[in-house]
Amino acid sequence: MNNFVFHNPTKLVFGSGQISKLSELIPENARLMVTFGRGSVKSNGVYDQVSTALKDHSYIEFWGIEPNPTVETLRKAIIQAREENIDFLLAVGGGSVLDGTKLIAAGIVFEGDSWQIVLNRDGEKSIPYGSVMTLPATGSEMNRNSVISNKETREKAAFISSRYPDFSILDPEVTFSLPPYQIACGLTDTFVHVVEQYMTTTGQSRIMDRWAEGIMQTILEVGPMIMENPRDYDLMADFMLSATLALNDMIRMGISQDWSTHMIGHELTALHGITHAESLAMVLPGTLRTLKKQKFPKLLQYSERVFEITNGTPDERIDQAISKTEQFFRSLGLSTRISEADIGVETMDIIAGRFNKAGVAYGENSNVTGDVARRILMNCL
Ligand code: NZQ
Ligand code: ZN
């Protein structure tokens, strides 16, 4: 195990009715901006709960942060926040609203255009912010990541905020209004986050492996039940907490990681507007097929411990595990091949070109270059 520092200061406030705690969590004299998406919170009662909880606070609202939040929208929020001397932000919505809010929080104190923060990969400074998370998926509620899109240049990239959310409120009841597609996407995103931190080499850490396997098994178990019963509180509670634990630094202490699937998936979103999790459902099986030799021992462990496959040669067991992974995404209703979205060689060339130009090499062995990304995408057709 490598040396590491673990320090995640986000206060998680979990459970039914907990949005009312906002009044205690946000300083009374804060100059507050509350940020929202495009209206789901108005139809499911979340907006009313937030307004009631904040009745003794004064605040302004910023609406319209879109899925795959764009710098173009967020620049407007930054201008408004500066004019009003905002010193605290509250994001109410899914991962996109919270990621966008992380950029606003950094952009307020950044001299220069906020896209530069994304290009720097580093939000040097930030004002404090909290969240009411309405969609289990990204883990953004308890991490420092923020993924921002640029409409003009058709790019999508992540930066690391200097701050974690001060707090995040997770009430499983607010997920009852999610459409089946968003639930499918949330389950898939959570599962793939774990895979990206797990599917490297064996023997790095028993405890990290077991935690990761536990989250993956939980998602495989609750996923089909949630698709049948999307208003079951206890199932949603397990899903919501799994999504948070999958990407709050807990399962990656002292180990290597491989974020190739996400990096390729972000390109598919930037170039073709594919929803984040669906891009992962399309790319992950192809990544595993392409890097099978390199990841062989870990794939075998995955097939035995996560899918409990015991029949066949090691090679066959791995193939079964990869195909069961793909079947899981498909059973949720997602596409798992880029050809289903009419994506072909032209896009592969663009992505390979972008990776090669940037000189990137992802994965635990730093070998997923543009050319390897193209091979992966060939295996996703
Ligand atoms: O905009 P509104 O009207 O609020 O509607 C949203 C949106 O249309 C809706 N929604 C959210 N909560 C709802 C709801 N509808 C009904 N009931 C509710 N309770 O769902 C739609 C999708 O929302 P979005 O926030 O875009 O989804 P998600 O949470 O999956 O976030 C996706 C974004 O997060 C990034 C992705 O790249 C993408 O940009 N990611 C962020 C990460 C992070 N910060 O750590 C990691 C991830 O790997 C990911 O890259
Ligand atoms: Zn993701």
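You'll find the structure just up there.
The notes below deal with the structure included here. No experiment lies behind these values; they were computed from the predicted model shown. (Residues numbered from 1 in each chain as written. Chains lettered and ligands numbered in written order. Predicted model: local features only at pLDDT ≥ 70, side-chain atom pairs only at ≥ 80, totals over all residues. Heavy atoms only, no water.)

**What about unusual backbone geometry?**
Step number 1: Look at Asn85: it is not a glycine, yet its phi comes out positive at around 50°.
Step number 2: Structurally, Asn85 can be placed in the loop between helix 4 (71-83) and strand 4 (88-93).
Step number 3: For Arg121, which is not glycine, the phi torsion reads 65° and is therefore positive.
Step number 4: Tracing the sequence through the fold places Arg121 in the loop between helix 6 (115-120) and strand 5 (122-123). (Helix = DSSP H or I, 4+ residues; strand = E, 2+ residues; numbered from the N terminus.)

**Details of the pattern of salt bridges**
Step number 1: Going through the model one piece at a time under the given rule, you end up with 17 salt bridges.
Step number 2: Of the charged contacts in the structure, one is a salt bridge between Lys292 and Asp319, with a shortest N-O distance of 2.8 Å. Here the residue Lys292 occupies a position in the loop between helix 11 (276-290) and helix 12 (296-305), and Asp319 occupies one in helix 13 (residues 314-331), the gap between them amounting to 27 residues.
Step number 3: With relative accessibility at 16%, the residue Lys292 sits in the buried group.
Step number 4: With a relative accessible area of 38%, Asp319 lands in the partly exposed category.
Step number 5: Taking the shortest distance from any N to any O, the salt bridge between Glu364 and Lys295 comes out at 2.9 Å. Linking Glu364 in the loop between helix 14 (345-358) and helix 15 (370-378) with Lys295 in the loop between helix 11 and helix 12, this pair joins segments that are 69 residues apart in sequence. Of the two residues, Glu364 and Lys295, neither departs from the other in class, the shared state being buried.
Step number 6: Connected through shared salt-bridge partners, Arg210, Glu213 and Arg305 make up one network. (Salt bridge = Lys/Arg side-chain N within 4 Å of Asp/Glu carboxyl O. Buried < 20%, exposed > 50% of the residue type's maximum accessible area, 1.4 Å probe, protein only.)

**Structural notes on helix 8 (residues 206-228)**
Step number 1: With 23 residues, helix 8 should reach 33 Å at 1.5 Å per residue; the first-to-last C-alpha distance of 34 Å fits that figure.
Step number 2: The largest bend in helix 8 amounts to roughly 30° and is located at Val222, with the proline Pro224 lying one to four residues further along.
Step number 3: Within helix 8, burial applies to Met208, Asp209, Ala212, Glu213, Ile215, Met216, Ile219, Leu220, Val222, Gly223 and Ile226.
Step number 4: Contacts made by the buried residues of helix 8 are with helix 7 (180-198), helix 9 (233-246), helix 12 and helix 13. (Expected span 1.5 Å × (residues − 1). Bend = angle between axes of the 7 residues up to and from the residue. Contact = heavy atoms within 4.5 Å.)

**Examining the sheet that holds strand 1 (residues 11-14)**
Step number 1: Spatially, 1-9-6-4-2-3 is the arrangement adopted by the 6 strands of the open sheet, whose pairing is parallel. The open sheet has two edge strands with one neighbour each: strand 1 and strand 3 (59-62). With strand direction ignored, the average angle separating the axes of adjacent strands in the sheet is 15°.
Step number 2: Note: strand 1 against strand 9 (residues 167-170), 4 bridges, orientation parallel. Considered in strand 9, the bridge of Val13 is made with Ile169.
Step number 3: In this fold helix 3 (residues 46-53) packs onto strand 2 (32-36), strand 3, strand 4 and strand 6 (129-133), with an angle of close to 155° to the strand it touches most, strand 4.
Step number 4: Running at roughly 165° to strand 3, helix 4 makes contact with strand 2 and strand 3 of the sheet. (Pairing = 2+ DSSP bridges. Axes fitted to C-alpha atoms, helices over the stretch in contact; angles between N-to-C directions.)

**Observations concerning the site of ligand 1**
Step number 1: Close to ligand 1 lie 32 residues; Ser40, Gly95, Ser96, Lys156 and His193 are nearest.
Step number 2: One of the side-chain N or O atoms of Ser140 is found 3.3 Å from a nitrogen atom in ligand 1.
Step number 3: The protein chains hide 89% of the 970 Å² of surface that ligand 1 would expose on its own.
Step number 4: Class assignment of the residues belonging to the shell around ligand 1 gives a composition of 9 nonpolar, 19 polar and 4 charged. (Near = heavy atom within 4 Å. Polar contact = N/O pair within 3.5 Å; in protein donor to acceptor, adjacent residues only side chain to side chain. Areas by Shrake-Rupley, 256 points an atom, 1.4 Å probe, with all protein chains shown as cover. Nonpolar A, V, L, I, M, F, W, Y, C, P; charged D, E, K, R; others polar.)

Interpretation in functional terms is not warranted from these geometric data alone.
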